Amino acid sequence: MAVDEEAPVPVLVVGAGPTGSVAALLLARLGVASTVVDREPRPYPGPRAVHLDDEAVRILAQVGLAAVFAGLSRPATGLRLLDARLRPFAEFRRDGPGVHGYPQSNLFDQPDLDAALRTALHRHPLVTLRTDCELVGIEEGRPVGAVLHGLQGTERVRAAVVLGCDGARSTVRAAVGAGLRDLRFDERWFVVDVRCRSGIPTWGGVDQVCDPRRAATFLPLPGDRYRWEFRMHPGESADALARPDQLSRLTAAWGVPVTELEVVRAAAYTFRARIADRWRSGPVLLLGDAAHLMPPFIGQGLGAGLRDAHNLAWKLAATLRGAGPGFLDTYERERAPHVEAVIRGAVRVGRALTGGPHATAALRRPLAGLLLRVPGVRGRAQRGIATRYPAGPLVDRRRHRADLPGTPCPQPTVLVERGPTPLDDVLGDGYALVTDGEPDAALAARARELGARTVRLGIDVTDDGVLREWLAAGRAAAALVRPDRIVQASSPR
Ligand SMILES: Cc1cc2nc3c(=O)[nH]c(=O)nc-3n(C[C@H](O)[C@H](O)[C@H](O)COP(=O)(O)OP(=O)(O)OC[C@H]3O[C@@H](n4cnc5c(N)ncnc54)[C@H](O)[C@@H]3O)c2cc1C
């Protein structure tokens, strides 16, 4: 076995899926070099994610992919619940830009995004991408030893930090002895992507068919592509369901002859709900599907991986530059409770919409109608599951008991000297202090210590009504915003 006697690489990213790719690109943006290894020569071609929310798109924008993603996605109008005869009985609209500056709900095809991320990895001088290179073992220590198996045989490289972004069957997770806690959901679904040149009538959003005999989801993807997901019955196989006679039966209610459909890809998946019992073992950290699995009913799995990368990248960059080791402890502490809430939400939605005996389906229709009239419920359903991290070293709710710390700063387009600009471009890559009036002395001092860029509303930026309202609603005169756009602390008005 070849042993690498060279200096350890700063960061070894295992897995060039969306989570590992975005982690490497975020680190590179902060000046941290990484080596990314993936055992496959090309991105996974199967049918997977089709939905991303505006917060996840904001993260893609931070690695320079906003325009690329806009070109390969389409905004969705929201979610409808339909009965077995495809009659809508509830509608949650999510059209228009969200608080993060992008459409609230976006439909795309994961292989397109994975390919765009691959290109970005290849292009970045601070990222070394090695494909056909599998991590087969980890020797814990500082630096960490990583045993890689590639086309040239087996070798050992040393890394200051290893990021396990190697998906559901993570080798890194197993190597550090972390287990998966079962949040009790196991269902087999048939997923099929088709092209249909003549078009399939759609309202432009996601349709969830709440029929316990055959729960289904239908999504219009960009161009002439469409996705169906059908819950499978015991004994069914993806191969059989993809045959024209069976596919024709499954899709009959949509009224499109099966001869008009070209199957692009089809697969059976078992949707599971699991979360790692430990996300970190010293300098080895787990992200994305390696750390959590969720059924796709609210389209959040990939987004959760991007949020992991976003939460971790700046903390890791700071740690590698000498910040205390406690900094990295906040990663799991912040991310795990949020992800667990999202998984439980996805399971609840899945069960409520598609599970249960036939009697429940009959009840569901009036129930959904009633629920939608309860104040707050419609808004919550429309907003999705908002990020809110618990109090800790990097979320200070002690000094000012406001609502803002732990939640993201919105991203309106504001006016600066050079013209209308997305707020993130004004905030920069480090800490920022957004003020509408004077921050208190303690917050101002903390901001100075952290080298925060000050953004004064009405002075440095105008056309800033969204930010003024946001601070006012949080009873704050100023908010200290972390590099991942989460508010660390605020000071009272
Ligand atoms: C049917 C379906 C629908 C979905 N819909 C949505 C949706 O609408 N919205 C959403 O947000 N999410 C959705 N998801 C979830 C989403 O696809 C995943 O959460 C996402 O792909 C996870 O990204 P990742 O980078 O963490 O892992 P992966 O995409 O699995 O990438 C892991 C990478 O690691 C590599 N690898 C694995 N082991 C090793 C090793 N030992 N050495 C080197 N490389 C290795 C693999 O080759 C792979 O490239 C859906 C999933 C499915 C199955």
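Residues numbered from 1 in each chain as written. Predicted model: local features only at pLDDT ≥ 70, side-chain atom pairs only at ≥ 80, totals over all residues. Heavy atoms only, no water.

(A) Spotlight on the overall build of the protein. The number of helices and strands found in the protein is 14 helices and 26 strands. Rg of the C-alpha trace for the protein: 23 Å, near the compact-globule value of 23 Å for 493 residues, within the 12% margin. The dimensions of the protein, computed from C-alpha atoms along their principal axes, are 65 × 60 × 40 Å. Residue pairs in contact within the protein that sit at least 24 positions apart in sequence constitute 71% of those at least 6 positions apart. Of the accessible surface of the protein, which amounts to about 20900 Å², a share of 53% is contributed by carbon and sulfur atoms. (Helix = DSSP H or I, 4+ residues; strand = E, 2+ residues; numbered from the N terminus. Rg over C-alpha atoms; globule rule 2.2 N^0.38 Å. Contact = heavy atoms within 4.5 Å. Areas by Shrake-Rupley, 256 points an atom, 1.4 Å probe, with all protein chains shown as cover.)

(B) View of the site of the ligand. With respect to spatial proximity, 33 residues lie near the ligand, and among them Asp 38, Arg 48, Gln 110, Asp 289 and Leu 302 are the closest. One of the backbone N or O atoms of Arg 39 is found 3.1 Å from a nitrogen atom in the ligand. In the environment of the ligand, an oxygen atom lies 2.8 Å from a nitrogen or oxygen atom belonging to the side chain of Gln 110. A total of 1000 Å² of accessible area belongs to the ligand in isolation, and the protein chains cover 92% of it. Elements with a minimum of two residues in the shell around the ligand: helix H1 (18–29), strand S10 (133–139), strand S17 (262–276) and helix H8 (301–320). Among the residues making up the shell around the ligand, the classes are represented as 14 nonpolar, 12 polar and 7 charged. (Near = heavy atom within 4 Å. Polar contact = N/O pair within 3.5 Å; in protein donor to acceptor, adjacent residues only side chain to side chain. Nonpolar A, V, L, I, M, F, W, Y, C, P; charged D, E, K, R; others polar.)

(C) Inspection of the packing of aromatic side chains at higher detail. Taken as a whole and judged by the stated rule, the model has 14 aromatic pairs. Ring plane angle 75° and centroid distance 5.5 Å describe the contact between Trp 228 and Trp 254, whose orientation is recorded as edge-to-face. On the criterion of sequence distance, the pair formed by Trp 228 in strand S16 (residues 225–231) and Trp 254 in the loop between helix H7 (244–251) and S17 is long-range, its members being 26 residues apart. The buried category is assigned to Trp 254, whose relative accessible area is 12%. (Phe/Tyr/Trp six-rings, centres within 6.5 Å; stacked < 30°, edge-to-face > 60°. Buried < 20%, exposed > 50% of the residue type's maximum accessible area, 1.4 Å probe, protein only.)

(D) How the structure looks around the sheet that holds strand S14 (residues 206–209). With mixed pairing, the 8 strands of this open sheet are ordered in space as S7-S6-S14-S15-S16-S13-S17-S20. On the outer flanks of this sheet lie strand S7 (88–93) and strand S20 (292–293), each paired with one strand and no other. (Pairing = 2+ DSSP bridges.)

(E) Representation of the environment of Ile 200. Mapped onto the elements of the fold, Ile 200 is located in the loop between strand S13 (180–195) and S14. Here Ile 200 falls in the buried class, since its relative accessible area comes to 5%. With 55 residues separating them in the primary sequence, Ile 200 and Gly 255 have C-alpha atoms 8.3 Å apart. Leaving out residues up to four positions away in the same chain, Ile 200 has contacts with Phe 218, Tyr 226, Trp 228, Trp 254, Val 256 and Leu 261.

(F) Layout of H7. Of the positions making up H7, those classed as buried are Gln 246, Leu 247, Leu 250 and Thr 251. Looking straight down H7, one finds its buried side chains confined to an arc of 120°; they lie on one side. For H7, exposure combined with an orientation more than 90 degrees from the buried face picks out Pro 244 and Arg 249. (Arc of directions from axis to C-beta.)

(G) Spatial organisation of the nonpolar core. Leu 12, Leu 52, Leu 163 and Leu 287 are the most contacted members of the largest nonpolar core, which totals 85 residues. If you tally residues by element for this core, the top one is H8, at 8 residues. When neighbours within four sequence positions are excluded, Leu 163 is seen to be in contact with Val 11, Leu 12, Val 13, Val 14, Ala 23, Leu 27, Leu 285, Leu 287, Leu 312 and Leu 316. Listed in part, the 21 residues of the second largest apolar core include Leu 86, Val 194, Ile 200 and Leu 247. (Core = buried A, V, L, I, M, F, W, Y, C linked by side-chain atoms within 4.5 Å.)

(H) Structural detail: the confidence of the model for the protein. Per-residue confidence for the protein averages 92 on the pLDDT scale, and 93% of its residues sit at or above 70. When the criterion is pLDDT under 50, residues 357–363 qualifies, and its contacts beyond four places in sequence or with other chains add up to 5 contacts. Per-residue pLDDT stays below 50 along residues 370–383; that stretch engages in 13 contacts with residues further than four places along the chain or on separate chains. (pLDDT = per-residue confidence, 0-100.)

(I) A look at the domain arrangement of the protein. You can read the domains of the protein as domain 1 (2–69 + 110–181 + 274–347) and domain 2 (413–492). Distance between the C-alpha centres of domain 1 and domain 2: 30 Å. Across the contact, 9 residues belong to domain 1 and 7 residues belong to domain 2. Taken over both partners, the interface formed by domain 1 and domain 2 buries close to 820 Å², and the fraction arising from carbon and sulfur atoms is 43%. Three residues stand out in domain 1 for area buried against domain 2, namely Arg 58, Gln 62 and Trp 314, and they jointly supply 58% of the buried area on that side. Counting across the domain 1 and domain 2 interface gives 3 salt bridges. Notably, a salt bridge pairs Arg 482 with Glu 334, separated by 2.8 Å at the nearest N-O pair. Inspection of the domain 1/domain 2 interface yields 4 residue pairs in polar contact (both at pLDDT 80 or more). (Domains from an automatic or database assignment. Buried area = accessible area lost by both parts, 1.4 Å probe. Salt bridge = Lys/Arg side-chain N within 4 Å of Asp/Glu carboxyl O.)

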